[in-house]
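Coordinate inspection notes
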Amino acid sequence: MNGEQVFEDTLAKDQRVEPRDWMPDGYRKTMIRQIAQHAHSEIIGMQPEGAWITRAPTLRRKAILLAKVQDEAGHGLYLYSAAETLGADRGDLTRRLIEGRQKYSSIFNYPTLTFADVGVIGWLVDGAAICNQVPLCRSSFGPYARAMIRICKEESFHQRQGYELLMTMMSGTAAQRAMVQDATDRWWWPSLMMFGPPDAESPNSAQSMAWKIKRHSNDELRQRFVDMSVPQAEALGVTLPDPALRWNADRGHHDFGEIDWAEFKKVIAGSGPMNQERLAHRRRADEDGAWVREAAAAHAAKRSGAQR
Amino acid sequence: MSDEIKHEWPLFEVFVRAKRGLNHVHVGSLRAADHEMALHHARDLYTRRNEGVSIWVVRSDDVVSSGPGDKDAFFAPSGDKAYRHPTYYAIPDSVPHI
Amino acid sequence: MSFDDAYDALTDHDDDTRWAYGTGFADPLAGVPTAVPDGVDPADLVAYSLMLGDDALVMSHRLQQWVTRAPELEDEMAIANIGLDLLGQARLLLSRAGEVEGAGRGEDALAYLRDPAGFRNVRLAELAAEDFAHLVAHLLVFATWRLALLDRLSASRDPVLAAIGAKGVKEVTYHREYAAGWVVRLGDGTEVSHARMRAAAEAIEPLAGELFAPHEIELRLAAAGVAVDPATLRPEFDDVLTQVHQLATLPPPPARDAVTTSGASGRDGIHGPELAEILAEMQELARAIPGGAW
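Residues numbered from 1 in each chain as written. Chains lettered and ligands numbered in written order. Predicted model: local features only at pLDDT ≥ 70, side-chain atom pairs only at ≥ 80, totals over all residues. Heavy atoms only, no water.

Thoughts on the confidence of the model for chain A
Overall, the prediction assigns chain A a mean pLDDT of 94, with 99% of residues at 70 or greater. Averaged over each element, pLDDT in chain A is lowest for helix 9 (residues 205-210) of chain A (86) and highest for strand 2 (residues 253-255) of chain A (98). (pLDDT = per-residue confidence, 0-100. Helix = DSSP H or I, 4+ residues; strand = E, 2+ residues; numbered from the N terminus.)

Considering the nonpolar core
Membership of the largest hydrophobic core comes to 209 residues, with the highest contact counts inside it found for Tyr48(C), Phe132(C), Trp182(C) and Leu186(C). Sort the elements by how many residues they give to this core and helix 6 (residues 132-153) of chain C lands first, with 16 residues. Beyond its immediate stretch of four places on either side in the chain, Leu186(C) contacts Trp291(A), Val292(A), Ala295(A), Phe132(C), Ala133(C), Val136(C), Ser193(C), His194(C) and Met197(C). (Core = buried A, V, L, I, M, F, W, Y, C linked by side-chain atoms within 4.5 Å. Buried < 20%, exposed > 50% of the residue type's maximum accessible area, 1.4 Å probe, protein only. Contact = heavy atoms within 4.5 Å.)

Comments concerning the pairing of strand 2 (residues 24-31) of chain B
Residue and element names in this part refer to chain B. Bridging between strand 1 (residues 11-17) and strand 2 involves seven bridges; their strand directions are antiparallel. Pairing of Leu11 across the sheet is with Arg31, part of strand 2. Counted along the chain from strand 1 to the antiparallel partner strand 2, the turn is six residues long, and its residue Gly21 has a positive phi close to 95°. (Pairing = 2+ DSSP bridges.)

Notes on the interface of chain C and chain A
In this complex, chain C contributes 61 residues to the contact, which on the side of chain A involves 64 residues. Across the chain C to chain A interface the summed buried area is about 5500 Å²; carbon plus sulfur atoms make up 72%. Linking chain C to chain A there are 16 residue pairs in polar contact (both at pLDDT 80 or more). Looking at the side of chain C that touches chain A, the elements that each hand over two or more residues are helix 1 (6-11), helix 3 (42-64), helix 4 (73-101), helix 5 (107-112), helix 6, helix 7 (159-188), helix 8 (191-208) and helix 11 (273-288) of chain C. The element contributing the most residues to the side of chain C that touches chain A is helix 4 of chain C, with eleven residues. (Buried area = accessible area lost by both parts, 1.4 Å probe. Polar contact = N/O pair within 3.5 Å; in protein donor to acceptor, adjacent residues only side chain to side chain.)

Comments concerning the interface of chain C and chain B
The accessible area lost on association of the parts is a frequent measure of interface size. Each partner contributes residues to the interface: chain C has 14 residues there, and chain B has 15 residues. Counting the surface lost from both chain C and chain B, the interface buries some 1500 Å², and carbon and sulfur atoms represent 54% of this. Put simply, chain C and chain B have one salt bridge between them. Arg185(C) is paired through a salt bridge with Asp34(B); the nearest N and O atoms lie 3.4 Å apart. Counting across the interface, chain C meets chain B through six residue pairs in polar contact (both at pLDDT 80 or more). Elements that contribute at least two residues to the side of chain C that touches chain B include exactly helix 2 (16-19), helix 4 and helix 7 of chain C. (Salt bridge = Lys/Arg side-chain N within 4 Å of Asp/Glu carboxyl O.)

Side note on the pattern of salt bridges
One pass over the structure, following the stated rule, counts 47 salt bridges over all chains. In this structure, Asp55(C) engages Arg267(C) in a salt bridge whose closest nitrogen and oxygen atoms are separated by 2.9 Å. With Asp55(C) in helix 3 and Arg267(C) in the loop between helix 10 (234-247) and helix 11, this residue pair connects regions lying 212 residues apart in the sequence. The pair Asp55(C) / Arg267(C) is uniform in exposure class, with both members buried. Three or more residues are tied together by salt bridges with common partners; here these are Glu49(A), Lys68(A), Glu72(A) and Asp126(A).

Some remarks on the sheet that holds strand 3 (residues 54-59) of chain B
Residue and element names in this part refer to chain B. The strand order 2-1-3 describes an open sheet built from three strands, whose pairing is antiparallel. Of all strands in the sheet, those with a lone pairing partner are strand 2 and strand 3, marking the two edges. Adjacent strand axes in the sheet meet at a mean angle of 25°, parallel and antiparallel pairs treated alike. Two elements, strand 1 and strand 3, share six bridges in a ladder whose sense is antiparallel. Looking at strand 3, one finds that Val14 is bridged to Val57. (Axes fitted to C-alpha atoms, helices over the stretch in contact; angles between N-to-C directions.)

A closer look at the packing of aromatic side chains
Residue and element names in this part refer to chain A. By the definition in use, this model includes 18 aromatic pairs over all chains. On the numbers, 5.9 Å between centres and 70° between planes, the contact of Trp52 with Phe115 is edge-to-face. A residue pair is termed long-range when its members are at least 10 positions apart, and Trp52 in the loop between helix 3 (46-50) and helix 4 (59-84) and Phe115 in the loop between helix 5 (90-98) and helix 6 (116-133) qualify at 63 residues. The two residues Trp52 and Phe115 agree in class, both being buried. Centre to centre, the rings of Trp261 and Phe264 are 5.1 Å apart; their planes meet at 90°, and the pair counts as edge-to-face. (Phe/Tyr/Trp six-rings, centres within 6.5 Å; stacked < 30°, edge-to-face > 60°.)

Right, dumping it as structure tokens:
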């Protein structure tokens, strides 16, 4: 069999493609783009919650949040590592991110206004991420699938800590309950947008499904997320901000209202509330760190020269 | 050209022994300026939940690997040596501990 | 793994403890007797626990401020790890202080409801790092001193402090290694990094003296075999710093005169403006919602 036949055969048998295997250029490019965007999302995603670490209202919450934001850096690193197996270079990917040439999840362009946002991000944003990501543990590209297994396990801690925080806050003062409802109102629709455009308008999806990079359609995953979130919201005692949301016995699923895709496109295009700040912050960290990275490389070079 | 950008630090592959009695297993890679830094980073990145008792780091460009094209030459010759495998041998169920 | 339900799939494994935050880990104080040792004034023990706890809490805050700003992602991991370790030490020590005090104040009441004058940390912990060289210089001094201290504390007559010391030694050994590694890399690296590292090391010097000036409470408790007299930490500290500076091609740390505190010691609650800023940030939310449940 030639490379292409081996590739097709691997996919047909539901086995994993590994870095040194032959693969179509389009597959490689798609894979690098998807993994890099995912990695960028983890790294940019540190910022909205990271802003609350120093202000966390108890030491236990502080430790949890610090560990969580650290995990996100870790997830970014697992993913960059997977992208580098395809010949991408992390320095180059970072450059593409801070020059705005590669995207990250638009959800992180919304601000975190109160500490309840930390809980709602765990519950809804990480919950949506889990829905998206669990099927990716079977993605056809081996290093990506393996990174996703680890990430999904760690995400379950993220989701649970968020939900637990919200439950605790709901047992607190009226002001706290209002904070939780307000945060739910602000994050619900952006969370639904995390699954991407509707299937009918998702041009790359069919090829990604054929390559078994993706395993379920955007709308399928979105529906699953809505169905899972409704009873969780009830248990919490918050209202999801969608008057059209109701159980449809015929479909066996919840119906829900129309998503504001105009807003989605605007945020993706860079005019979300926090786009500029998020990128500027990342760029500053990268630029401020340049002399440090250079110094470490220079020291290592001197030392290996001295050893010879 | 942005396309020429390379990370300042080389890539290292990381292997972790999850517990005594197991082999080191490849878990991923990271960037570091030197081996010591790579070990430190590996500890922080890949074992922060008590996943390991021992770590190896190896410069990625020092890894020599068989290519997928070598597959037949490297691995096919053992494909017909079923006698290397325990299930090749029929042992009656009545024989214990074997 | 089942993939039909995203959440089921996550619970489909038998090693929950590895993945769940805060479970499956040994309580470092499990089975440790908590009675105050004979001949020790409980008020002294409370104050001493606050000193060491506040050092860790304030230093951890400075590290938390670096999260999302580190020079490389791998260093994000390391800085967060060190911050988490110190936060953990602070929680144990503040809890111990509250427990011995017996006034119903737990770790959070002590962390969030004291004003700057009630904090007993050394002023060195409060420093803000203007660049990564200042951060690692700060961390090297702090960790070298604290490691020497915790190492001796692990032999304390107070079993709780001894256990906290023993746990902390493992953690801070790594903090010191991390900081020393970076001081050497930056000192030896490029002209730019050398200049920055040298400036940072010089900037931290004036505050290092306070680390070895014993407070009367430390002396009383040291005599009782409970605390560590910080003056005894000098030789080890100087040795380590001299070695690191040498490898980093930095001038040796100055031979300091006998330490004078001129009455302005963090251990007495006398702090710089930095602590007020730190506490304003740290305590803002906890104080804004009295009686809040988090």
